[in-house]
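Each chain, letter by letter, is given below.
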Amino acid sequence: MTRTLLPLVEAEFMRYKLLGERALRQVRSQELHDRNEQGNSIAIIVWHVAGNLESKFTDLLTTDGEKPWRNRDAEFEPRDVSPAEVAEKWERGWRVLFGALAELTDDDLAAPVTIRGVPFRVDEALLRSLAHLAYHVGQIVLLARSFRGEEWEYLSIPPGQSEAYNANPVLEKSSMYAENVERLEDEA
């Protein structure tokens, strides 16, 4: 059971999960629902991310990634939910993803899967999913930062601190990010 590439993939997914969570912790309850006229709220994005993860990674190797029970359009409807409900929905989607990844070996990376009837290899589907998550986590970070303004706690290298960071680049690899993020928050 070889797993050399998959731990790297898992670590990169974890990096985006933690990045999203660090942004979510900075958001006030009402801000989960705030949006501009063209955009989605943080709550909507969380519902979409969780729905996507649950659908794509439930029975990854045996069923189409777009499950018949998923109502993707409903994920984009405004909703009045509590921070605890947002956190639970977020966590549920990620649990499905990490559960599916834990069952894979590197030999599975070339296995066929389908998404909306379109064939992919597992490695292709993982790359697509990682890019999709990065896109939506970036939206969450951007919204959270816009709400916090000057109170924003930077999630990467703060302005004016590049030289100090370059002397101790603790967040460069996904595994380093996961290992160091809590320590860095405690120091802030």
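Relevant structure appears above.
Residues numbered from 1 in each chain as written. Predicted model: local features only at pLDDT ≥ 70, side-chain atom pairs only at ≥ 80, totals over all residues. Heavy atoms only, no water.

Caption draft 1: How the structure looks around the overall build of the protein. A tally of helices and strands in the protein yields seven helices and two strands. Along the protein, from the amino end to the carboxyl end, the secondary structure elements read α-α-α-α-β-β-α-α-α. Against the globule reference of 16 Å for 188 residues, the protein gives a C-alpha radius of gyration of 18 Å, in line with a compact fold. In terms of overall dimensions, the protein has C-alpha extents of about 50 × 40 × 25 Å along its principal axes. The buried share of the protein, taken over its 188 residues, is 44%. In the protein, the share of contacts with a sequence separation of at least 24, taken over all contacts with a separation of at least 6, comes to 71%. For the protein, the accessible surface area stands at approximately 10500 Å², while carbon and sulfur atoms represent 52% of it. Seen as two clouds, the 22 positive and the 33 negative side-chain charges of the protein have centres 3 Å apart. (Helix = DSSP H or I, 4+ residues; strand = E, 2+ residues; numbered from the N terminus. Rg over C-alpha atoms; globule rule 2.2 N^0.38 Å. Buried < 20%, exposed > 50% of the residue type's maximum accessible area, 1.4 Å probe, protein only. Contact = heavy atoms within 4.5 Å. Areas by Shrake-Rupley, 256 points an atom, 1.4 Å probe, with all protein chains shown as cover. Lys, Arg positive; Asp, Glu negative; His and termini not counted. Charge placed at Lys NZ, Arg CZ, Asp CG, Glu CD.)

Caption draft 2: Spatial organisation of the nonpolar core. With 42 residues, the main nonpolar core has F13, I42, V46, W90, W94, L126 and I140 as its most contacted residues. Among the secondary structure elements, those contributing two or more residues to this core are helix 1 (6-24), helix 2 (42-57), helix 4 (83-102), strand 1 (112-115) and helix 5 (122-148). The biggest single contributor to this core is helix 5, with 10 residues. The residues contacting I140, other than those within four sequence positions of it, are G20, A23, L24, I42, I45, V46 and W90. (Core = buried A, V, L, I, M, F, W, Y, C linked by side-chain atoms within 4.5 Å.)

Caption draft 3: Representation of unusual backbone geometry. The backbone of D59 shows a phi angle near 50°, a positive value even though the residue is not glycine. Among the secondary structure elements, D59 is positioned in the loop between helix 2 and helix 3 (72-75). At R116, a residue that is not glycine, the phi angle is positive and equals roughly 55°. If you trace the backbone, R116 turns up in the loop between strand 1 and strand 2 (118-121).

Caption draft 4: Local environment of the pairing of strand 1. The alternating pattern of strand 1 places V113 and I115 on a buried face, while none of P112 and T114, on the opposite face, is buried. Here strand 1 runs beside strand 2; their pairing, made up of four bridges, is antiparallel. The residue of strand 2 that forms the bridge with P112 is R121. The loop that links strand 1 with its antiparallel partner strand 2 comprises two residues; one of these, R116, has a positive phi angle of about 55°. (Pairing = 2+ DSSP bridges.)

Caption draft 5: Region of interest: the pattern of salt bridges. Using the criterion set out here, one finds 16 salt bridges in the structure. Residues R15 and E12 are paired through a salt bridge, measuring 2.5 Å at the closest nitrogen-oxygen approach. Placement of both R15 and E12 in helix 1 is noted, with a separation of three residues, approximately one turn of the helix. Classification of R15 by relative accessible area gives partly exposed; the value is 23%. (Salt bridge = Lys/Arg side-chain N within 4 Å of Asp/Glu carboxyl O.)

Caption draft 6: Molecular detail of the environment of N71. Looking at the element boundaries, N71 is found in the loop between helix 2 and helix 3. N71 sits in the partly exposed class, given a relative accessible area of 48%. For the pair formed by N71 and E88, sequence separation is 17 residues and the distance between their alpha carbons is 18 Å.

Caption draft 7: Expanded view of the packing of helix 1 against helix 5. Taken N-terminus to C-terminus, the directions of helix 1 and helix 5 make an angle of 15°; their axes are 9 Å apart at the nearest point. By the angle between their axes, helix 1 is roughly parallel relative to helix 5. Between helix 1 and helix 5 lies a crossing whose hand is left-handed. Across from L6, V9, E12, F13, Y16, L19, G20, A23 and L24 in helix 1, the residues of helix 5 making contact are L126, S129, L130, L133, A134, V137, I140, V141 and A144. Each residue belonging to the contact of helix 1 with helix 5 can be placed in one class, and the counts come to 15 nonpolar, two polar and one charged. (Axes fitted to C-alpha atoms, helices over the stretch in contact; angles between N-to-C directions. Parallel < 35°, antiparallel > 145°, perpendicular 65-115°, else oblique. Left-handed = near helix turned anticlockwise from the far one by under 90°. Nonpolar A, V, L, I, M, F, W, Y, C, P; charged D, E, K, R; others polar.)

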